[in-house]
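Summary of structural features
Next come the chains, spelled out residue by residue.
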Amino acid sequence: MRGQIMDYNLQAGEGIISGEDNQRYAFKIAEWKQTTVPARGQRVDFDAQDGEAMQIYMLSGGGIDMSGEKNKFVAALLAFFLGGLGAHKFYLGYNNAGIIMLVLFIGGWLTSWLIIGLIPLMIVGLIAFIECIIYLVTDEGDFQTRYVDNERQWF
């Protein structure tokens with residue numbers, strides 16, 4: 001049967017698939033037959049047995065429905081060009097982390113005439129640059145799982 005992953009919890013190693021028969025099937029990571037981590041929105045083929053999905057295979061190309069999801073390239077560009085202001089944090093929905101970066105940036109900018117005022121500017125700049133690189137080298141499915149689904153705010 002074919003279906004789509006509705007949810008997946010990385011810590012528990014469990015998820016839910018919505019089958020084409022409009023039924024929901026629980027699954028465990030042991031039934032996942034791919035090398036990548038399952039991600040919300042992936043189209044899959046599976047065997048249904050007693051309300052559980054078994055022998056789960058990702059369909060060609062992954063077929064991730066990215067509607068409503070965050071784009072890793074947009075996050076990386078925001079981190080590179082406006083990262084000091086925390087723009088990528090706000091884009092990903094991490095308002096507290098964005099405010100922290102914004103306050104550090106403004107505080108550093110206002111006190112930049114002092115040598116010590118440059119330290120916050122360097123810190124937020126380095127964080128934004130590192131996160132830009134991490135976003136770019138992370139697989140799209142892993143990005144969605146880590147930074148969107150599991151809400152990992154830093155690195």
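Residues numbered from 1 in each chain as written. Predicted model: local features only at pLDDT ≥ 70, side-chain atom pairs only at ≥ 80, totals over all residues. Heavy atoms only, no water.

**Quick word on the overall build of the protein chain**
Each helix and strand in the protein chain was counted, giving five helices and five strands. Ordered by position in the sequence, the α and β elements of the protein chain form the string β-β-β-β-β-α-α-α-α-α. In terms of overall dimensions, the protein chain is more spread out than a globule: its C-alpha atoms have a radius of gyration of 20 Å, far above the 15 Å expected for 155 residues. Here the C-alpha coordinates of the protein chain stretch approximately 70 × 25 × 25 Å along the principal axes. (Helix = DSSP H or I, 4+ residues; strand = E, 2+ residues; numbered from the N terminus. Rg over C-alpha atoms; globule rule 2.2 N^0.38 Å.)

**A closer look at the packing of helix α1 (residues 72-82) against helix α4 (residues 118-137)**
Where α1 meets α4, the closest approach of the two axes is 8 Å, and the angle between their N-to-C directions is 160 degrees. Classified by the angle between their axes, α1 and α4 sit roughly antiparallel to one another. As for the relative orientation of α1 and α4, their crossing is left-handed in sense. Contacts between α1 and α4 involve Lys72, Phe73, Ala75, Ala76, Ala79 and Phe80 from the former and Ala128, Phe129, Cys132, Tyr135 and Leu136 from the latter. Class assignment for the residues of the contact of α1 with α4 results in 10 nonpolar, no polar and one charged. (Axes fitted to C-alpha atoms, helices over the stretch in contact; angles between N-to-C directions. Parallel < 35°, antiparallel > 145°, perpendicular 65-115°, else oblique. Left-handed = near helix turned anticlockwise from the far one by under 90°. Contact = heavy atoms within 4.5 Å. Nonpolar A, V, L, I, M, F, W, Y, C, P; charged D, E, K, R; others polar.)

**Focus: the packing of aromatic side chains**
One pass over the full model with this rule turns up six aromatic pairs. Considering the side-chain rings of tyrosine 135 and phenylalanine 143, the 5.5 Å spacing of their centres and the 80 degrees angle between planes classify their relative orientation as edge-to-face. The pair formed by tyrosine 135 and phenylalanine 143 is uniform in burial state, with each residue classed as buried. Pairwise contacts between aromatic rings join Tyr135, Phe143 and Tyr147 into one cluster. (Phe/Tyr/Trp six-rings, centres within 6.5 Å; stacked < 30°, edge-to-face > 60°. Buried < 20%, exposed > 50% of the residue type's maximum accessible area, 1.4 Å probe, protein only.)

**Overview of the pairing of strand β2 (residues 14-19)**
Residue alternation in β2 divides its side chains into a buried set, Gly15, Ile17 and Gly19, and an unburied set, Glu14, Ile16 and Ser18. One ladder, built from six bridges, connects strand β1 (residues 2-9) with β2; its direction is antiparallel. Each residue of the ladder has a partner; that of aspartate 7, found in β2, is isoleucine 16. Following β1, the chain reverses through four residues before pairing antiparallel with β2; glycine 13 in that reversal takes a positive phi of roughly 70 degrees. (Pairing = 2+ DSSP bridges.)

**Side note on the pairing of strand β3 (residues 24-28)**
Residues Tyr25 and Phe27 line the buried face of β3, whereas the alternating positions Arg24, Ala26 and Lys28 sit on a face that is not buried. Direction of pairing for β2 relative to β3: antiparallel, over a ladder of five bridges. Of the residues in β3, the one forming a bridge with isoleucine 16 is alanine 26. Once β2 ends, the chain turns through four residues before running back antiparallel as β3, passing asparagine 22 with a positive phi of about 65 degrees.

**With respect to helix α5 (residues 140-149)**
When we look at burial in α5, the residues that qualify are Gly141, Phe143, Gln144, Thr145 and Tyr147. Buried residues along α5 sit in contact with α1 and α4. One or two residues past the end of α5 sits glutamate 151, with phi positive at roughly 50 degrees.

**Remarks on the pattern of salt bridges**
Pairing between side chains of opposite charge can happen when the charged atoms of each approach one another. Scanning the model with the defined rule gives three salt bridges in all. The salt bridge involving lysine 28 is made with glutamate 14; its shortest N-O contact spans 3.3 Å. Of this pair, lysine 28 sits in strand β3 while glutamate 14 sits in strand β2, and the two are 14 residues apart along the sequence. (Salt bridge = Lys/Arg side-chain N within 4 Å of Asp/Glu carboxyl O.)

**Remarks on the environment of phenylalanine 129**
Of note, phenylalanine 129 is situated in helix α4. Exposure remark for phenylalanine 129: the relative accessible area of 43% places this residue in the partly exposed category. The spacing of phenylalanine 129 and leucine 104 is 25 residues in sequence and 15 Å in space, taken between C-alpha atoms.

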